[in-house]
Amino acid sequence: MPDQAASLAGPRHSIHEPPGGPGSRWPCGYTEISPACFQGLVVRSGHGRAPLRMSIRIYNTLTRQVQDLVPIEPGHVRMYVCGITVYDLCHVGHARMMMAFDVVYRWLIASGLRVTYVRNITDIEDKIIRRALDRGMSIRQLTDEMIAAMHRDIGALGVAVPTHEPRATEYVPQMLDIIGQLEAKGLAYRASGGDVNYSVRRFPGYGKLSGKTLDELRAGDRVAVAGDKEDPLDFVLWKSAKPSEPDDAKWPSAFGDGRPGWHIECSAMSCALLGERFDIHGGGMDLQFPHHENEIAQSEGALGHPFVNVWMHNGFLNVDNEKMSKSLGNFFTIEDVLKRYDGETVRYFMLRTHYRSPFNFSDSNLDDARGALRRLYTALGSVEIDPVGATSPVDWSEPRAAAFKAAMDDDFNTPAALAVLFELAGEVNRSRDGAAASLLRSLGATLGLLQQPPTDYLRAGSQVDERWIGSMIEARKAAEAERNFAEADRIRQELLSMGIVLQDSAQGTTWVKA
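Because the structure is predicted, anything quoted here is derived from the model rather than measured. (Residues numbered from 1 in each chain as written. Predicted model: local features only at pLDDT ≥ 70, side-chain atom pairs only at ≥ 80, totals over all residues. Heavy atoms only, no water.)

Draft legend 1. Representation of the pairing of strand 4 (residues 114-122) within the structure. Among the 9 residues in strand 4, 8 count as buried, and that is most of the element. In this region the chain leaves strand 3 (residues 76-85), passes through helix 1 (residues 92-110) and returns to the parallel neighbour strand 4; the handedness of that crossover is right-handed. (Buried < 20%, exposed > 50% of the residue type's maximum accessible area, 1.4 Å probe, protein only. Helix = DSSP H or I, 4+ residues; strand = E, 2+ residues; numbered from the N terminus. Right-handed = clockwise from strand over helix to strand, strands pointing away.)

Below is the structure:
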């Protein structure tokens, strides 16, 4: 099919180049993935056989049904996810959203599909302007700082680099083009104060994503009323510049100096990078209305046809069964959490809940997740398998692999997929079967888990000198040889008091952090 994006093409940010361009480095931990990362894992019916027929089914918020994923272009999925407004550090709610669609991205690639994944950055907005003024810095300085922090934090969680990560400020011409089209079609109007607003009641399909009528939406508490709107539901496409605002928050346009409204940004970036119709659009449940409802009105109003086939939304996040809020004192940034828990533990913790289900964040649940992940790594560490990075081919007709695939094909059911990993870990513990261990690690790779050397993970965080631990293990071995079991037990207990657990096996004694 022709590249529909060509007419509105803007700056492209490729997965093959770091954000700083060729020669710069990816932020620490920020993971680049491509089909090559899953060589040997791509879904097949057996070694050397043709790929299995794709059977991925996804819950579509728009239709309120689970339906087959049928890419517009066979073998190629185009996906857009609403990213972060970068005025502050990312919080655990952002991590929940990033993780949900990172799993989708990884599984689509593991299923043998080519994926173009766009996750935008909103780098112009009222909160950004206020924060930059408060800190006495330019908008670009603030957003560059927050983007670097975002990459650092989500990189620690194993979140992969999307194909494109566009900044809204680089697509203002495309936004103005869409606004012009909407005005020409009578869907946008210039307000008395200089803003350009979208006329919601002139778009017949408004409310189809949220499932509410215009009158129901108008009665809702979330609709703000402004004096220069024709209807309280109308929303701003172009904000007229105010004299008090800094120059770097203003762009010239046919409508006067100003800046884009939030909703128009995603319509422009998705169209420029994915074309006028694409396969999947995702984001948090809180974006379903009004943001995504407004995107539909803008894009379909300008284009004259549907622009997304499947809408996906991840569930809300609570902290200790309450809504996360700074006023309640239960607001946590990713940086806060990573001071107490490693990134893979946080990742595993989030994958234990289906992406559409409400997610409860608590220390007790994190502690439980850490113990569960340690059990998986302990199983891997009990046998000799290929080095990390040497991915073993997966025979997806093998019963456990088939069960894992069935779970992931069923609307990315990560809890059921993790259950398969524990079945495999149990078999490894019972039989010391290297093939089962290799399969465990290979399946974990599709979720971004179990890719560290087991010893590294199990010893991480220990403050005790490894050479001293080794000398104590040798001293205990000598005591046992002399049948001085009391001394051997004393050494074990001394190490345990320092957070070191000894593990004896036929191959000798090793240690892990308690």
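Moving on, there is more to tell.
Draft legend 2. Seen up close, the packing of helix 11 (residues 399-409) against helix 12 (residues 414-431). Contact pair helix 11 / helix 12: the axes reach a minimum separation of 7 Å and the direction vectors enclose 165°. Compared by their axis directions, helix 11 and helix 12 come out roughly antiparallel. Here helix 11 and helix 12 pass one another in a crossing that is left-handed. Note on element contacts: helix 12 touches helix 11 through T414, A416, A417, V420, L421, E423, L424 and E427, opposite R400, A403, F404, A407 and M408. Considered class by class, the residues forming the contact of helix 11 with helix 12 number 9 nonpolar, 1 polar and 3 charged. (Axes fitted to C-alpha atoms, helices over the stretch in contact; angles between N-to-C directions. Parallel < 35°, antiparallel > 145°, perpendicular 65-115°, else oblique. Left-handed = near helix turned anticlockwise from the far one by under 90°. Contact = heavy atoms within 4.5 Å. Nonpolar A, V, L, I, M, F, W, Y, C, P; charged D, E, K, R; others polar.)

Draft legend 3. Representation of empty space enclosed by the protein. Using the criterion set out here, one finds 4 cavities of 30 Å³ or more in the structure. Of the pockets and cavities examined, the largest cavity occupies roughly 90 Å³. What lines the largest cavity is R96, M99, A100, V103, V104, M350, L351, T353, H354, Y355, F412 and T414. Elements that contribute at least two residues to the lining of the largest cavity include exactly helix 1 and helix 9 (343-351). In terms of residue count, helix 1 provides more of the lining of the largest cavity than any other element does, 5 residues in total. The residue inventory of the lining of the largest cavity, partitioned by class, reads 8 nonpolar, 3 polar and 1 charged. (1 Å grid on protein atoms, 1.4 Å probe; cavity = no way out; pocket = protein on both sides within 12 Å on 5 of 7 lines; lining within 4 Å. Points joined across faces, edges and corners; volume = space filled by probe spheres on them.)

Draft legend 4. Representation of the environment of G155. Looking at where G155 falls in the secondary structure, it is placed in helix 3 (residues 139-156). Distance from G155 to G343, taken between C-alpha atoms, is 8.5 Å for residues 188 residues apart in sequence.

Purely geometric stuff here, so don't read any function into it on its own.
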